[in-house]
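Reading the structure
The primary structure of each chain is shown beneath.
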Amino acid sequence: MSLYIGREASKLWKRISAETTTEINLLAENWKYLLAGIIFQYIHGLAARGVHYIHRPGPILQDVGYFLLPELGQDKAYISETVFSFIFLSFILWSFHPFIFKSKKIYTVLVWCRVLAFLVACQFLRIITFYSTQLPGPNYHCREGSKLATLPRPESVLEVLLINFPRGVIYGCGDLIFSSHMIFSLVFVRTYQKYGTHRFIKQCAWLIVVVQSLLIVASRKHYTVDVVVAWYTVNLVVFFIDHKLPEMPDRPGGLALLLPLSKDTRTKEEIHKLVNGNSGDPLAQRLRSPRSPVNGKILEDANSVHVDKMMNGV
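Everything numeric in this text was worked out from a predicted model, so none of it was measured.

With the rule as written, the count across this model stands at 1 disulfide. Disulfide pairing places cysteine 142 opposite cysteine 173 at an S-S distance of 2.0 Å. The sign of the S-S torsion, about -90°, decides the handedness of the disulfide formed by cysteine 142 and cysteine 173: left-handed. Linking cysteine 142 in the loop between α4 (108–132) and α5 (157–161) with cysteine 173 in the loop between α6 (167–170) and α7 (180–195), this pair joins segments that are 31 residues apart in sequence.

Below is the structure:
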């Protein structure tokens, strides 16, 4: 038993090490995009903090969702945040699953590059929207009579730049249209819908987002319009940007189908000989063949592409 556990632990460590090397190489190529996306998360938080300074509490607007859904109240407001935290943490864990599990369909770095692109575009629109018109906050801490409904004038620039995370985010007011919680939830679920592998989890994820939408209204964190606008805005933005970005490469197949690098120790010169027909090796015949069937499909120029990639170190 101990021998089996030791062998499996060794395999897991090798898998994690190999995956880490791959992701570090991708990170070296795409760190600028990741850094820009992370910086914009701070800018978004800064903008939400800024609108709180100009927020003025007032009567809660008439809202159809408030008529249909009873208010959770301050004591049960945590339910909405708990569901959102579950969605957030579940997606993060899934995005890093290639480091552990054998089924590797995604690259973690590339997935987060796309996710941050979606978030930045949606949050940019959100900043423009909630600065255009400030609505009286419906949440309990944003109503008239609450000390948290307005912020005193900052005493220094540093006070503004620090944004008082996370308290300043949790008890923010004025950044209403449209819901930031829905931005993250919809972006995460749409990403898993495209790159995830389990149909049942996809169905459950969409159901949880619907429940999350209702809880946001029931907890009075947002008006119903904030949730409705988020549903069609985020989906349209993700659909548009996803078609503009280059598609992520598939992990299965590729060079490993033709040239198993872990076992084949041929040099670049030997590979040139194979491709140019200077060897009688069966591998050369497969590389020179203009129509080599792979998994029942005919590849015309794929072999030369794979060889070039290998010789270039890709």
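Resuming the write-up.
Take the packing of aromatic side chains next. With the rule as written, the count across this model stands at 14 aromatic pairs. Ring centres 4.3 Å apart and planes at 5° place the aromatic pair phenylalanine 91 and phenylalanine 188 in the stacked group. Of this pair, phenylalanine 91 sits in helix α3 (residues 78–95) while phenylalanine 188 sits in helix α7, placing them 97 residues apart in sequence. Judged by its relative accessible area of 5%, phenylalanine 91 falls in the buried class. A relative accessible area of 3% means that phenylalanine 188 is categorised as buried. Between phenylalanine 130 and tyrosine 131, the ring centres sit 5.3 Å apart and the planes meet at 40°, which makes this aromatic pair tilted. Of the residues examined, phenylalanine 130 reaches a relative accessible area of 1% and is grouped as buried. Through successive ring pairs, a cluster of aromatic residues spans Phe84, Phe88, Phe91, Trp94, Trp112, Phe184, Phe188 and Tyr192.

Of the consecutive residues isoleucine 177 and phenylalanine 178, the connecting peptide bond is found in the cis state with omega at 0°. Within the secondary structure, phenylalanine 178 is located in the loop between α6 and α7. Unusually for a residue other than glycine, arginine 220 sits at a positive phi of about 65°.

Grouped together as the largest cluster of nonpolar side chains are 46 residues, with contacts concentrated most on Val115, Val187, Phe188 and Val234. At 10 residues, the largest contribution of residues to this core is made by α4. Non-local contacts of valine 187, meaning those with residues more than four positions away in its chain, are made with Val115, Phe118, Leu119, Val234 and Val238. One finds Ala47, Val51, Ile127 and Phe130 within the second-largest nonpolar core, a separate group that totals 5 residues.

Our next topic: helix α8 (residues 199–218). Between its first and last C-alpha atoms α8 spans 29 Å; for 20 residues at 1.5 Å apiece the expected length is 28 Å, and the two agree. Taken residue by residue, α8 has Lys202, Ala205, Val209, Gln212, Ser213, Leu215, Ile216, Val217 and Ala218 as its buried positions. In this structure, the buried side of α8 is in contact with α2 (64–68), α3, α7 and α9 (224–244). One or two residues past the end of α8 sits arginine 220, with phi positive at roughly 65°.

Quick look at the environment of glutamate 19 now. As for its placement among the helices and strands, glutamate 19 is situated in helix α1 (residues 2–53). When its relative accessible area of 2% is taken as the criterion, glutamate 19 is described as buried. Measuring from C-alpha to C-alpha, the distance between glutamate 19 and phenylalanine 99 comes to 5.6 Å, with 80 residues separating the pair along the chain.

The final tally for this structure, using the stated rule, is 6 salt bridges. The closest approach of N and O atoms between glutamate 81 and lysine 221, which form a salt bridge, is 3.4 Å. Of the two residues, glutamate 81 is situated in helix α3 and lysine 221 in the loop between α8 and α9; the sequence distance between them amounts to 140 residues. The class for lysine 221 is buried, based on a relative accessible area of 17%. In this structure, aspartate 242 and lysine 194 form a salt bridge, with 2.6 Å as the shortest nitrogen-oxygen distance. Of this pair, aspartate 242 sits in helix α9 while lysine 194 is found in helix α7, placing the two residues 48 residues apart along the sequence. For aspartate 242, a relative accessible area of 16% gives the class buried. Owing to a relative accessible area of 32%, lysine 194 belongs among the partly exposed residues under this scheme.

The rules behind each value
- Every chain is numbered independently, its residues counted from 1 as its sequence is written.
- Predicted model: local features are reported for residues with pLDDT of at least 70 only, side-chain atom pairs are reported and counted for 80 or more only, and whole-chain, interface and lining totals are derived from all residues.
- The side-chain quantities take in all heavy atoms of the structure and omit both hydrogens and water.
- Whenever a pair of cysteine sulfur atoms sits within 2.5 Å, that pair is classed as a disulfide.
- Working definition: helices are DSSP H or I runs of at least four residues, strands are E runs of at least two. Numbering for both runs from the N terminus.
- Pairing of aromatic side chains here covers Phe, Tyr and the six-membered ring of Trp, requires ring centres within 6.5 Å, and sorts the geometry by plane angle: under 30 degrees stacked, over 60 edge-to-face, intermediate tilted.
- Buried, partly exposed and exposed residues are distinguished by accessible area as a fraction of the type maximum, computed with a 1.4 Å probe on protein chains only: under 20%, between the cut-offs, and over 50%, respectively.
- For our purposes a nonpolar core is just a set of buried Ala, Val, Leu, Ile, Met, Phe, Trp, Tyr and Cys residues, chained together by side-chain atoms within 4.5 Å.
- In what follows, residue pairs with any heavy atoms lying within 4.5 Å of each other are defined as contacts.
- Helix span, expected: 1.5 Å multiplied by one less than the number of residues in the helix.
- In the sections that follow, a salt bridge refers to a side-chain nitrogen of Lys or Arg positioned within 4 Å of a carboxyl oxygen of Asp or Glu.

It is worth stressing that arrangement in space is one thing and function is another; only the former is reported here.
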